[in-house]
There are 2 protein chains.
Amino acid sequence: MLRQAGKSPDDGLVQGAWRGESPDAAPARGVVAASAGNHGLAVAFHAERLGIPAVIVMPEWAPLIKVASARRHGAEIVLAGADFDEACEHAIRLGDERGLTFVHPFDDPRVIAGQGTLGLELLEQRPDVDAVIVPVGGGGLIAGIAVAIKARRPAVKIVGVQSEKLPAMVKSVAAGRRTRAAAAATIADGIAVREVGAHAFAIAREMVHEIVTVAEEELANAVLRLLEIEKTVVEGAGAAPLAALLHRPLGLRGATVVLVLSGGNIDVTMVSRIIERGLVQDDRLVRLGVILRDRPGALAGVAALVAEERANIVQIEHDRAFSHWVAIGETEVELTLETSGRPQIERLKSRLESAGYRVEERRP
Amino acid sequence: MLRQAGKSPDDGLVQGAWRGESPDAAPARGVVAASAGNHGLAVAFHAERLGIPAVIVMPEWAPLIKVASARRHGAEIVLAGADFDEACEHAIRLGDERGLTFVHPFDDPRVIAGQGTLGLELLEQRPDVDAVIVPVGGGGLIAGIAVAIKARRPAVKIVGVQSEKLPAMVKSVAAGRRTRAAAAATIADGIAVREVGAHAFAIAREMVHEIVTVAEEELANAVLRLLEIEKTVVEGAGAAPLAALLHRPLGLRGATVVLVLSGGNIDVTMVSRIIERGLVQDDRLVRLGVILRDRPGALAGVAALVAEERANIVQIEHDRAFSHWVAIGETEVELTLETSGRPQIERLKSRLESAGYRVEERRP
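## With respect to the relation of the copies chain B and chain A
Least-squares fitting of chain B to chain A yields an RMSD of 0.1 Å, with the superposition described by an axial translation of 0.0 Å and a rotation of 180 degrees. Taken together, the turn and the small shift mark the pair as related by a two-fold rotation axis. Both copies contact each other with a shared surface, as 100% of the interface residues of chain B are interface residues in chain A too.

## Here we look at the environment of A151 of chain B
Of note, A151 of chain B is situated in helix α5 (residues 140–152). For the pair formed by A151 of chain B and A168 of chain B, sequence separation is 17 residues and the distance between their alpha carbons is 26 Å.

## Things to note about the interface of chain B and chain A
The interface is formed by 24 residues belonging to chain B together with 24 residues belonging to chain A. Interface area, chain B with chain A, both sides summed: about 2,000 Å², of which 60% is carbon and sulfur. Looking at the side of chain B facing chain A, the largest losses of area belong to K231, V233 and V268 of chain B, adding up to 29% of the total buried there. Of the charged contacts, one joins R273 of chain B and E338 of chain A as a salt bridge, the two residues approaching to 2.3 Å between their closest N and O atoms. The interface formed by chain B and chain A holds 11 residue pairs in polar contact (both at pLDDT 80 or more) in total. Of all the secondary structure elements, the ones that give two or more residues to the side of chain B that touches chain A are α2 (64–72), α8 (216–228) and α10 (268–281) of chain B. The greatest single-element share of the side of chain B that touches chain A, amounting to eight residues, is contributed by α10 of chain B. A breakdown of the residues in the side of chain B that touches chain A according to their chemical character gives nine nonpolar, seven polar and eight charged.

## Regarding the pattern of salt bridges
Residue and element names in this part refer to chain A. Applying the stated rule across the entire model yields 52 salt bridges over all chains. The partner of K66 in a salt bridge is E235, with the nearest N and O atoms 2.8 Å apart. Of this pair, K66 sits in helix α2 (residues 64–72) while E235 sits in the loop between α8 (216–228) and α9 (236–247), and the two are 169 residues apart along the sequence. Overall, K66 belongs to the buried group, its relative accessible area being 0%. Here the residues in one salt-bridge network are D283, R342, E346, K349 and E361, joined through shared partners.

## Observations concerning the sheet that holds strand β6 (residues 157–163) of chain A
Residues and elements named next belong to chain A. Reading across the sheet, the four strands line up as β7-β6-β5-β8 and stay open at both edges, with parallel pairing between neighbours. In this open sheet, the two strands that pair with only one neighbour each are β7 (210–214) and β8 (257–259). With direction set aside, neighbouring strand axes in the sheet form an average angle of 25 degrees. The sheet contact formed by β6 and β7 spans five bridges and is parallel. By the bridge assignment, V161 is partnered in β7 with V212. Strand contacts of helix α6 (residues 168–175): β6 and β7, with the helix running at about 140 degrees to β7, the strand carrying the most contacts.

## Details of the sheet that holds strand β3 (residues 76–79) of chain A
Residues and elements named next belong to chain A. The strand order β3-β2-β1-β4 describes an open sheet built from four strands, whose pairing is parallel. Here the strands that pair on one side only, and so sit at the sheet edges, are β3 and β4 (101–103). The mean angle between the axes of side-by-side strands here comes to 25 degrees, regardless of whether they run parallel or antiparallel. The sheet contact formed by strand β1 (residues 31–34) and β4 spans three bridges and is parallel. By the bridge assignment, A33 is partnered in β4 with V103.

## Description of the environment of E48 of chain B
Residue and element names in this part refer to chain B. Summarising the element assignment, E48 is placed in helix α1 (residues 39–50). On the accessibility criterion, E48 (44% relative accessible area) is partly exposed. Separated by 245 residues in the primary sequence, E48 and R293 place their C-alpha atoms 67 Å from one another. When near neighbours in sequence (up to four residues on either side) are disregarded, E48 contacts R72, H73 and G74.

## A short note on the packing of helix α5 (residues 140–152) of chain A against helix α7 (residues 198–207) of chain A
Residue and element names in this part refer to chain A. Contact pair α5 / α7: the axes reach a minimum separation of 9 Å and the direction vectors enclose 50 degrees. Between α5 and α7, the interaxial angle falls into the category oblique. The two elements α5 and α7 cross, and the hand of that crossing is left-handed. Residues G140, A143, A146, V147 and K150 of α5 form the contact with α7, whose own contacting residues are A200, I203 and M207. For the contact of α5 with α7, a count of residues per class yields six nonpolar, one polar and one charged.

## Some words on helix α6 (residues 168–175) of chain B
All names here are of chain B. Listed as buried for α6 are A168, M169 and S172. Buried residues along α6 cover an arc of 90 degrees about the axis, so they all sit on one side. The first or second residue beyond α6 is G176, which carries a positive phi of 80 degrees.

Reading the values: rules and limits
- Residues numbered from 1 in each chain as written.
- Chains lettered and ligands numbered in written order.
- Predicted model: local features only at pLDDT ≥ 70, side-chain atom pairs only at ≥ 80, totals over all residues.
- Heavy atoms only, no water.
- Least-squares fit on C-alpha atoms with pLDDT ≥ 70 in both.
- Contact = heavy atoms within 4.5 Å.
- Helix = DSSP H or I, 4+ residues; strand = E, 2+ residues; numbered from the N terminus.
- Buried area = accessible area lost by both parts, 1.4 Å probe.
- Salt bridge = Lys/Arg side-chain N within 4 Å of Asp/Glu carboxyl O.
- Polar contact = N/O pair within 3.5 Å; in protein donor to acceptor, adjacent residues only side chain to side chain.
- Nonpolar A, V, L, I, M, F, W, Y, C, P; charged D, E, K, R; others polar.
- Buried < 20%, exposed > 50% of the residue type's maximum accessible area, 1.4 Å probe, protein only.
- Pairing = 2+ DSSP bridges.
- Axes fitted to C-alpha atoms, helices over the stretch in contact; angles between N-to-C directions.
- Parallel < 35°, antiparallel > 145°, perpendicular 65-115°, else oblique.
- Left-handed = near helix turned anticlockwise from the far one by under 90°.
- Arc of directions from axis to C-beta.

Here you go:
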């Protein structure tokens, strides 16, 4: 994302707004950056390459993979703040105290210009593109892409996507001025930013066709689809464009659409949780409460029926004391099953019921 | 994998052994194939493209994703047999009964020639390759790659990898004749084959430099590394080359090595399980049994210590009746925690012990 940061930006792409700024001439004491996403990794990578000390401030809940990757590039990692905005304040203070140059992840024309190179590469690779869908956190990425693409192909639609938990750009565009979103958690940690950048806002207002929000379940579903169909690991923020394409009426049927999958730094524990939630949504993982008479052999009967229907038992829990619908002399087992879909679940439930068991499907 | 099946094989590559065979002239009644791996998908795909009916026989435990993908291409799917070898016998019988042309997944010179095109592409893309590591089930893929590469660049080392659960090629090469492996389950379902092909064996004996086996944990670990570092979903069989490179002394230090990642059709439920096993191996998921005095506030004390050490509680189980090391008046909780690694686990254990709790780490 920082491919052009520090270089003189290409005048052909750069708006008057940031002409006056010159690249920093003396970064020798080091740089400091705050990051919710992959900016921290980019700064760590390039600082190592250039032999400059780097301090990266990440929110306390930052994915371990982002922390570990930045550390691998020799950066000093500071975990501070409950969210990106707090981490950013901390980074600015730290920069002042230690005399480090602060590299903003999105509200810096040079960073935006660097991110714009993605738009140029995209046009080279797909000159026939009709629309580009881009994740939006602080807005730097979409601003850079919009400036680059609109300069060359004004007809291309630029669409932004935010998590509905943190719709800072949507609120700002609606209000006509930058508006902070309330603090919230989202699986799209890379775009979990409460206030968009001033430069990004000015560009987005003018050049972005539409900004939509997507729900957490839609983000999780998009991560799962990318794993299953594209065989690609994409983080929540990076999957936002696919979530929007699948779940929002964007009027792009038949169009050549480019989705910017902006990162793959997702903790595998999160991948594992997303898979499980996705399987439940898809009826491929189901939890059934089954009431048995509390005597030897009752469970064996249930297990046999499950086996005949070729569902796979993942977990069994047995709860006599706390089940709310069990009479004395009955017992409840809770079966977690891998299934092939809704038809198999319904067949299994009706077979269990025909065999005299009471069955209740549990919803998460 | 079937890119050249049905075409006349390139004479420059083909050994005398299969000169006599001619492409089948009349597949109009349809084809039948047995597959543990991606052969079934390839046959279904090309049958659909050519407008030929296809029946694919897969073992009963075949990954759902392979079943569903083959079905999506319009093939009739038959689940039969406890393993590939049984499915294959079933497919041959079915072909006889219905007059369908049987397309063998590996023991057919035309299929081997088609798989050899992978070797040609590989040489085009990396003319500097020193060694190629290839998963081995029935042996067709490595035979095709070996014939193609050795014809052009005899110095390139061809290395094969099998699951240690099903080392049919290793045993056959050692015995000097084809030798069946015992039936076994492996996460590398795509190479779960008990007997290698006659053609493949003849070629492998002559052209393959070395064949190694890898353990199930090593396969799981390789799948996890590919997810985390390469952001790529690879099935167990496809991850075997990386497992061999990481865990076996292949004498390839400094060499340019190509790993053939031969498939990504792994059920996401399996991905989720592999992630969890991998996390336990890496000390990033740990289960601790902790003995508390059975009184209010005891659990809160444990939870506070865990929180101070910044470990994340994933699951808590409480077991008074069945714990083997608990006295009357004590209670045991079992905590499953996400951790950053061994140092954090040891710190947490020693803090809990200093605070007067007994702690036992559970191994899977």
